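Descriptive structure summary
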Amino acid sequence: MKTKLLLLLLVFFGWTSQAQVSMTGPGAAGGWGDGFDIVMNDNGGGIWTLSGFTMPGGEFKFRKDLAWAVNWGAVGFPTGTGVQDGPNITAIAGTYDITFNENTGEYVFSGGAPIPVVKLVGSAVSDAAGINMITTDGIVYTASNVTLLDGNGQFDIDGVLLGENSFPTGTLSGASDNIPVVGGGYTSVTIDLSSGTYSFVAAPIYPVISIIGSALGGWDETHEVNMTTNDGILYTATVTLDGTPGSNELKFRTGNNWSLPNYGGPDWPSGIATTTGGNIPVGASGTYSVTFNLTTGAYNFFFPTIAIVGDGTPGGWPTGTPGEIDAAQLTTVDGKVYTLSSITLLNGGAKFRQNNDWAVNWGAADFPAGIATQGGANIATVAGDYSVTFDRVTGAYMFDVPFATNTFNKSNFIVSPNPTSGVWNFTSANKEIVSIQIVDVLGKTVATVAPKAITANVDASNLANGLYIAKISTANGTETVKLMKN
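What you see as residue numbers is a count from 1 along each chain, following the sequence as written. This being a predicted model, a pLDDT of at least 70 is required before a residue's local features are given, and a value of 80 or more before pairs of side-chain atoms are given or counted; all residues contribute to the totals for chains, interfaces and linings. Values reported for side chains reflect all heavy atoms of the structure, with hydrogen atoms and water molecules removed beforehand.

Focus: the overall build of the chain
Each helix and strand counted, the chain has one helix and 49 strands in total. With the C-alpha coordinates of the chain rotated into their principal frame, the extents come out at 90 × 85 × 40 Å. Accessibility here uses a 1.4 Å probe with only protein chains present; expressed as a share of the type maximum, an area under 20% marks a residue as buried, one over 50% as exposed, and anything in between as partly exposed. Counting all 486 residues of the chain, 42% fall into the buried class. Should any heavy atoms of two residues lie within 4.5 Å, those residues are considered in contact. In the chain, of all internal contacts separated by at least 6 residues, the share reaching a separation of at least 24 is 59%. Strands here mean DSSP runs of E at least two residues long; helices mean DSSP runs of H or I at least four residues long; both are numbered from the N terminus.

Re the layout of surface pockets
Cavities and pockets are found on a 1 Å grid laid over the protein atoms alone: a cavity is a set of points where a 1.4 Å probe fits but cannot escape, a pocket is an open set with protein on both sides within 12 Å along at least five of seven lines, and a lining residue has an atom within 4 Å of such a point. Grid points are joined across faces, edges and corners, and a volume is the space filled by probe spheres set on the points. In this structure, the largest pocket encloses a volume near 560 Å³. In terms of lining, the largest pocket is formed by 25 residues, of which the most central are Asp334, Lys336, Val337, Pro419 and Asn486. Elements that contribute at least two residues to the lining of the largest pocket include exactly β25 (234-241), β30 (286-293), β34 (331-332), β35 (337-345), β48 (466-474) and β49 (477-485). No other element matches the four residues that β49 contributes to the lining of the largest pocket. In this classification, the charged set is Asp, Glu, Lys and Arg, the nonpolar set is Ala, Val, Leu, Ile, Met, Phe, Trp, Tyr, Cys and Pro, and all remaining amino acids, among them Gly, are polar. Of the residues contributing to the lining of the largest pocket, the split by class is eight nonpolar, 12 polar and five charged. Taken as a whole, the second largest pocket spans an internal volume of roughly 400 Å³. What lines the second largest pocket is a set of 15 residues, among which Trp32, Gly33, Trp68, Lys351 and Gly375 lie closest to the centre. Grouping the amino acids of the lining of the second largest pocket by side-chain chemistry returns four nonpolar, six polar and five charged.

Things to note about the pairing of strand β12 (residues 118-121)
Here four bridges tie β12 to strand β16 (residues 151-157), and the two strands are oriented antiparallel to one another. Residue pairing for β16: Leu120 is matched across the bridge by Phe155. Strands are labelled as partners when DSSP assigns at least two bridges between them.

Let's talk about the environment of Trp258
With respect to the helices and strands, the residue Trp258 is situated in the loop between β26 (249-254) and β27 (262-263). In the structure, Trp258 is positioned 111 residues away from Thr147 in sequence and 29 Å away in space, judged by C-alpha atoms.

Regarding the nonpolar core
Definition of nonpolar core: a set of buried residues of the types Ala, Val, Leu, Ile, Met, Phe, Trp, Tyr and Cys, connected through side-chain atoms within 4.5 Å. Ranked by internal contacts, the top residues of the largest apolar core, which has 42 residues, are Met23, Met55, Phe60, Phe62, Phe109, Phe155 and Phe200. Look past the residues within four positions of Phe62 in its chain and what remains in contact with it is Ser22, Met23, Met40, Asn71, Trp72, Ile89, Phe100, Tyr107 and Phe109.

Focus on unusual backbone geometry
For the bond from Phe77 to Pro78, the omega torsion is 20°, close enough to zero to count as cis. With an omega of 10°, the peptide bond between Phe167 and Pro168 qualifies as cis. Unlike most non-glycine residues, Asp65 shows phi in positive territory, near 55°. One can find Asp65 in the loop between β5 (58-64) and β6 (71-73).

Some thoughts on the pattern of salt bridges
A pair is scored as a salt bridge if a Lys or Arg side-chain nitrogen falls within 4 Å of a carboxyl oxygen belonging to Asp or Glu. Scanning all chains against the criterion turns up six salt bridges. The partner of Asp37 in a salt bridge is Arg63, and the shortest N-O contact between them spans 2.8 Å. One end of the pair, Asp37, is in the loop between β1 (21-24) and β2 (38-39); the other, Arg63, is in strand β5, and 26 residues separate them in sequence. The same class applies to Asp37 and to Arg63, which are both buried. We note a salt bridge from Arg353 to Asp326, for which the minimum N-O separation is 2.8 Å. Residue Arg353 is found in strand β36 (residues 348-354), and its partner Asp326 is found in the loop between β32 (306-309) and β33 (328-329); the two are separated by 27 residues along the sequence.

Focus: the sheet that holds strand β3 (residues 41-42)
The five strands are arranged β3-β4-β10-β11-β7 in an open sheet whose pairing can be described as antiparallel. For this open sheet the edge positions go to β3 and β7 (79-81), each flanked by a neighbour on one side alone. Looking at chain direction, strand β10 (residues 94-101) and strand β11 (residues 106-110) are connected through four bridges and run antiparallel. When the sheet's bridge partners are listed, Ile98 is paired in β11 with Phe109.

What about the sheet that holds strand β46 (residues 445-449)?
Taken in spatial order, the four strands make up an open sheet running β46-β45-β48-β49, and their pairing is antiparallel. Two strands in the sheet have a free side with no partner beyond their single neighbour: β46 and β49. Taken pair by pair, the neighbouring strands of this sheet meet at an average axis angle of 20°, ignoring direction. Note: β48 against β49, nine bridges, orientation antiparallel. Paired with Ala470 across the strands is Val481, a residue of β49. What counts as an axis is a line fitted to C-alpha atoms, over the stretch in contact for a helix, and the angles between N-to-C directions run from 0 to 180 degrees.

Here's the deal with the environment of Gln20
Relative to the assigned elements, Gln20 resides in the loop between α1 (2-16) and β1. Each C-alpha atom of the pair Gln20 and Leu66 lies 7.1 Å from the other, and the pair is 46 residues apart in sequence. Look past the residues within four positions of Gln20 in its chain and what remains in contact with it is Val39, Trp48, Arg63, Lys64, Asp65 and Leu66.

Let's talk about the pairing of strand β22 (residues 209-212)
Of the two faces of β22, the one carrying Ile209 and Ile211 and the one carrying Ser210 and Ile212 are both buried. Direction of pairing for β22 relative to strand β23 (residues 225-226): antiparallel, over a ladder of two bridges. Looking across to β23, one finds that Ile211 is bridged to Val225.

As for the packing of aromatic side chains
Pairing of aromatic side chains here covers Phe, Tyr and the six-membered ring of Trp, requires ring centres within 6.5 Å, and sorts the geometry by plane angle: under 30 degrees stacked, over 60 edge-to-face, intermediate tilted. Applying the stated criterion to the full structure yields 37 aromatic pairs. Ring geometry for Phe62 and Phe100: centres 4.2 Å apart, planes at 15°, overall stacked. Taken together, the residues span a long stretch of sequence, with Phe62 in strand β5 and Phe100 in strand β10 at a distance of 38 residues. Residue Phe62 shares its accessibility class with Phe100, and that shared class is buried. With a centroid separation of 6.4 Å and an interplanar angle of 45°, the aromatic rings of Phe155 and Phe200 are classed as tilted. Of this pair, Phe155 sits in strand β16 while Phe200 is found in strand β21 (residues 197-202), placing the two residues 45 residues apart along the sequence. The buried category is assigned to Phe155, whose relative accessible area is 0%. Taken together, the ring pairs in this structure connect Phe60, Phe62, Trp72, Phe77, Tyr96, Phe100, Tyr107 and Phe109 into an aromatic cluster. The ring centre of Trp68 lies 4.7 Å from the NZ or CZ of Arg63, which sits over that ring. In this structure, Arg253 packs its charged tip against the face of Trp258, placed 4.6 Å from the ring centre. Definition used: whenever NZ (Lys) or CZ (Arg) falls within 6 Å of the ring centre and also within 35 degrees of the ring normal, the charge is taken to sit over that ring.

No statement about biological role is implied by the geometric values presented.
So, in structure tokens, the structure goes:
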């Protein structure tokens, strides 16, 4: 009994000793994620420290075990309280003694040059604690993308309140003055401590442009998809469309209102929409990326490219060369599920990325299957030959090892319909099906049948939408087949 207890304690302490907390990001380690971690010293009790560490200045976060599953961020430097998946912390360049408490998220950077703590406070701020402002030099402080109320505002600089009576720009004068803030959205609020000058930059107001129509399920507002824009000219969206004749039309419209201008045209998948144009006919069902230029009327519905990249792939990590095309491109027929029939992987890391660009990329910690998230961790690939399936809507992916069998012939085996929203029907032309096991992308068995017949049905109506694998066994062997539930 003592031996077993000792072994359990060794296993426990051996595991816990591997726990690590690190800082990652250009403001701490020169870059983000794998290969860019500054591991802190374990002082016990969840307290982690570094002494005399030089921060280059810029954004960073704390994370656990060199992975993104547990990470902390906040607005505030040199002190603050990090929260799970919080915003990036912005460090001021300098040399610091650092303490981080993983139990509470509290962090302290001490020993550097004195750094004032600056907040925007007052009745114009909905949070009574104020809005924390960030700085990279201890002089110019900024709060980005804030929403303010009609009311008064002041800057709290290390507990000293200062204001002025002008808006949206001015120079701080004294504590008795209040800045008369006009409610609304602001791209930035900036204060320069060296000169006392401040500015409130209003966010531009752009018209709302949306996509609506039978191809989205109906012409009512509940099926309408608002597009996004950074300049009020080029609008983008991702939509899943029905290309069935009679249910395949759409238009762009302004302000979610038919009394305002709306735009259409006769061409698919691209064309010039006008205010006198008719409904746009969708040529094929699928999940599309959409662009619409409000100035010219030019629109385009397209399937983005998806590739798998990384040092675990033959093409390696992209070099950043302008115009570079990722080597391992996946294919799609619906813009949602992408596949690659064959790829030889190495031991290393990999990610999925869209349109040969890092602006949109997916990763996760699991292999050979999992749910990838935007900007997730590198997938730790295992050397071998695989086929690949990736769902860019749900993030589900699977690296499938081709199954070798001596006698089972896929041409004598049918699954229909596939995809299905209800039942998969399995038919074998010449061998009795002994069993069918349905496995999800995480490796969990979600359904099993043992028909002992040449036909079988599996009810998928209660399964979540996404990718599944059917392991079909006959007397002569086992075959794996990809299935989709929609």
